[in-house]
Amino acid sequence: MKFSLKHCFRIFREGLMQVLRVYPVELALAVYAAAVWLAVSEAGWSGGYCRVQVVPIFFAWVLTVNRLAGRGPWRRVYWVAWMPLVPLSVWSGLGEWVGTTPYFVTLGILAPLALLLSRRAAGNDRFVSDAVVWLRSFLLAELFANVALGLFAAILYSATYIFGLHGSWIGRVCTDAAILTEALAVPCLFLMMAERWRDATIEGNRILEVLLDYIVAPALLIYTAILYLYVAKILVVWSLPEGGVAYLVFGFTLTALVVKALQLVLARRRYGWFFDRFSLVALPPLVLFWTGVARRVGEYGFTEDRVWLVACGLLMTLCVLLFLARRTGRYRWVCTAGFVLFALLAYVPAFNPGRVAVRSQLGRAMEVASRLELLDDDGRLRLDRFGADTAARADYRRFYEALEYVAWRDTAAFRRFGADMDAIRAAVPQSMRDYVVFGWRDAVATEAVVVTEDIYLAQTSRRVPCGGYATLYPDWDTFWRDDAAGDYSYCFRNDTLILRFDGRRAGRAIPGSALLAAQLRRAGIDGIPSEKRLIDSADELLVYSDDELLVVFQRMSFERSDSTLRISDLSVDVVMTR
């Protein structure tokens, strides 16, 4: 067949005119998104980004209404379906909502599911074909539009380089072209292709057949054998499965269900015997999944991720059970259930994963605290009751994990304990602090663990008394070898400060312990000071003086524990001698 540019242009023009007739509101939303995005880019309108980011949600919503309404009397709903965008665009909390979990759930899950359901395909063959049409249209639209954008950028930069053109306008033109590509060209091409293939029946090509039959399906068979061997091992040793197995089973089952759906578009179903009976095959792995989830939640409580995992597990289980019988096995019902379930999690406060997780961790913390008798009559923590009983270290670890989770996500719920996390960390006995606070299991077997912290002091601009000193030595360098040359160099090694005056004056060595003692006396500090006390005394600690010289330090680092303090590093700024 001879290639004809005129023929291609005619097809493109006819497709564009068809889109204008069938999808006018969707195109208007694309133009609106492009205009706002250009205004954000050109005028620096920071508040416009969030308004652009909600347009894809309304684009999918209007397209769904368009497909559901058709050309009948319900078409009037299509013409006004975009109107909620107006109050949403002026909502003051829009910037905070964009980027939250409900936003991503709406954009990444609810919108695609709504598009899949809009065709109301009862048969699985038709449903899978529609899904492939939507996906293929989107991917090809992105491919063609971005290839054109890349060629445009290559031509622009080549022309400006050849003819010696310069200026910031070049980058701005490329940015505007990218905006028009993503906001306008991609939606137009997507609608053109989706409309062109609207009722097409998808048939798998050779590439898809090789991918599924020779790579993915054999891997699934091997994975199935591994899971069944693990089930046999559990039955033999009579033990519970590991909690992380739930994630492995979920990934396996999800992949298998996708491949099962794609089997419908293949001309030859080489592994039809496996996927037709997959619901029966998946029952033992499902038992593993829910046992692993129960163990993980029982040990560590719910977190936000585990709530989503349970939700996905419910949907996965429903799909497997529905496909046990041919009459009930419909992807439409699975997608409908998924839409309802994820909408509940995203927008109904009682099902919000964050709130469910906080309630779970709060209950977990209260249960452990009551068992260890750490609460007073008002439900507040008694930090003086934290004991050093190593037999209870696992309970202390669970309590700390739960409390830390609540503190980070719900400060109002955390306040009921009447203490902050710093005070709770300090109340944990030293002998098991590493395990309770950080989860270091190696620290469990240690009777006494010394926890150190690094404290850094830096010089601020201040006046140093220099009366009585005759010579100033500035610009001090460090030396690492004794034979290294250089003016006024120093080295801090083996816990000793060594000052070298390059032959003009005898060198000086100050032991680190003596230097530390002198600085603490100068600052009026007794014993092991706190980090705050060291920082507050920085001006005194960074100046050393004796009968021969005065040293001003640019910085000084301390290594501190409950029973020791030492200088770990320092930097000399200037030295004055008498």
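A. Representation of empty space enclosed by the protein. Enumeration according to the criterion identifies 2 cavities of 30 Å³ or more in this entry. Size it by volume and the largest cavity reaches roughly 60 Å³. If you trace the largest cavity, you find it lined by R67, R119, D130, V133, W134, A194, W197 and R198. Looking at which element gives the most residues to the lining of the largest cavity, the answer is helix 9 (residues 124–162), with 3 residues. For the lining of the largest cavity, the per-class residue count stands at 4 nonpolar, no polar and 4 charged. Estimated volume of the second largest cavity: approximately 40 Å³. The wall of the second largest cavity is formed by 10 residues, among which Y247, V293, R296, R306 and L309 lie closest to the centre. Secondary-structure elements contributing two or more residues to the lining of the second largest cavity are helix 12 (245–262), helix 15 (283–300) and helix 16 (304–322).

B. Expanded view of the pattern of salt bridges. Taken as a whole and assessed by the stated rule, the structure comprises 19 salt bridges. Note that E401 and R364 form a salt bridge whose closest N and O atoms lie 3.2 Å from each other. Of this pair, E401 sits in helix 19 (residues 393–409) while R364 is found in helix 18 (residues 353–371), placing the two residues 37 residues apart along the sequence. Overall, the relative accessible area of 25% leaves E401 in the partly exposed class. Classification of R364 as buried rests on a relative accessible area of 12%. Close ionic contact of D384 with R382 constitutes a salt bridge, the shortest N to O distance being 2.9 Å.

C. Region of the structure containing the packing of helix 9 against helix 10 (residues 169–196). Here helix 9 crosses helix 10 at 155 degrees, and the two axes come no closer than 8 Å. Between helix 9 and helix 10, the interaxial angle falls into the category roughly antiparallel. Along this stretch, helix 9 crosses helix 10, giving a crossing that reads as right-handed. Looking at the contact of helix 9 with helix 10 residue by residue, the class counts come to 24 nonpolar, 5 polar and 2 charged.

D. Layout of unusual backbone geometry. Of note, E373 is a non-glycine position whose phi angle comes to about 60 degrees, a positive value. Inspection of the secondary structure assignment puts E373 in the loop between helix 18 and helix 19.

E. Geometry of the pairing of strand 5 (residues 496–500). By the alternation rule, side chains of strand 5 split into L497 and L499, which are all buried, and T496, I498 and R500, of which none is buried. Pairing between strand 4 (residues 489–493) and strand 5: 5 bridges, direction antiparallel. Of the residues in strand 5, the one forming a bridge with Y490 is L499. The hairpin turn running from strand 4 into strand 5, its antiparallel successor, is 2 residues long, and N494 in that turn takes a positive phi close to 50 degrees.

F. Structural view of the layout of surface pockets. Of the volumes computed, that of the second largest pocket is approximately 500 Å³. Forming the boundary of the second largest pocket are 14 residues, of which I11, F12, M192, M193 and R196 lie nearest the centre. Elements supplying a minimum of two residues to the lining of the second largest pocket: helix 1 (5–22), helix 9 and helix 10. The dominant element in the lining of the second largest pocket, judged by the number of residues it contributes, is helix 1, at 6 residues. Considering only residue class, the lining of the second largest pocket consists of 9 nonpolar, 2 polar and 3 charged.

G. Structural view of the side chain of E209. Its location among the elements puts E209 in helix 11 (residues 206–237). For E209, a relative accessible area of 13% corresponds to the buried category. Setting aside chain neighbours within four positions, we find E209 in contact with Y214, L266 and R270.

H. Structural detail: the pairing of strand 9 (residues 565–577). Sheet topology note: the strand 2 (residues 471–473)/strand 9 ladder contains 3 bridges and is antiparallel. Within the sheet, the bridge partner assigned to Y473 lies in strand 9 and is V575. By the bridge criterion, 11 bridges tie strand 8 (residues 549–560) to strand 9 in an arrangement that is antiparallel. From the neighbouring strand, F558 faces strand 9, where its bridge partner is I567.

I. Helix 2 (residues 24–43), seen in detail. With 20 residues, helix 2 extends 28 Å between its outermost C-alpha atoms, agreeing within 8% with the 28 Å of an ideal straight helix rising 1.5 Å per residue. All of the buried residues along helix 2 are V25, E26, L27, L29, A30, A33, A34, V36 and V40. Backbone geometry just after helix 2 places G44 at a positive phi near 70 degrees.

What counts and what doesn't
- Residues numbered from 1 in each chain as written.
- Predicted model: local features only at pLDDT ≥ 70, side-chain atom pairs only at ≥ 80, totals over all residues.
- Heavy atoms only, no water.
- 1 Å grid on protein atoms, 1.4 Å probe; cavity = no way out; pocket = protein on both sides within 12 Å on 5 of 7 lines; lining within 4 Å.
- Points joined across faces, edges and corners; volume = space filled by probe spheres on them.
- Helix = DSSP H or I, 4+ residues; strand = E, 2+ residues; numbered from the N terminus.
- Nonpolar A, V, L, I, M, F, W, Y, C, P; charged D, E, K, R; others polar.
- Salt bridge = Lys/Arg side-chain N within 4 Å of Asp/Glu carboxyl O.
- Buried < 20%, exposed > 50% of the residue type's maximum accessible area, 1.4 Å probe, protein only.
- Axes fitted to C-alpha atoms, helices over the stretch in contact; angles between N-to-C directions.
- Parallel < 35°, antiparallel > 145°, perpendicular 65-115°, else oblique.
- Left-handed = near helix turned anticlockwise from the far one by under 90°.
- Pairing = 2+ DSSP bridges.
- Contact = heavy atoms within 4.5 Å.
- Expected span 1.5 Å × (residues − 1).

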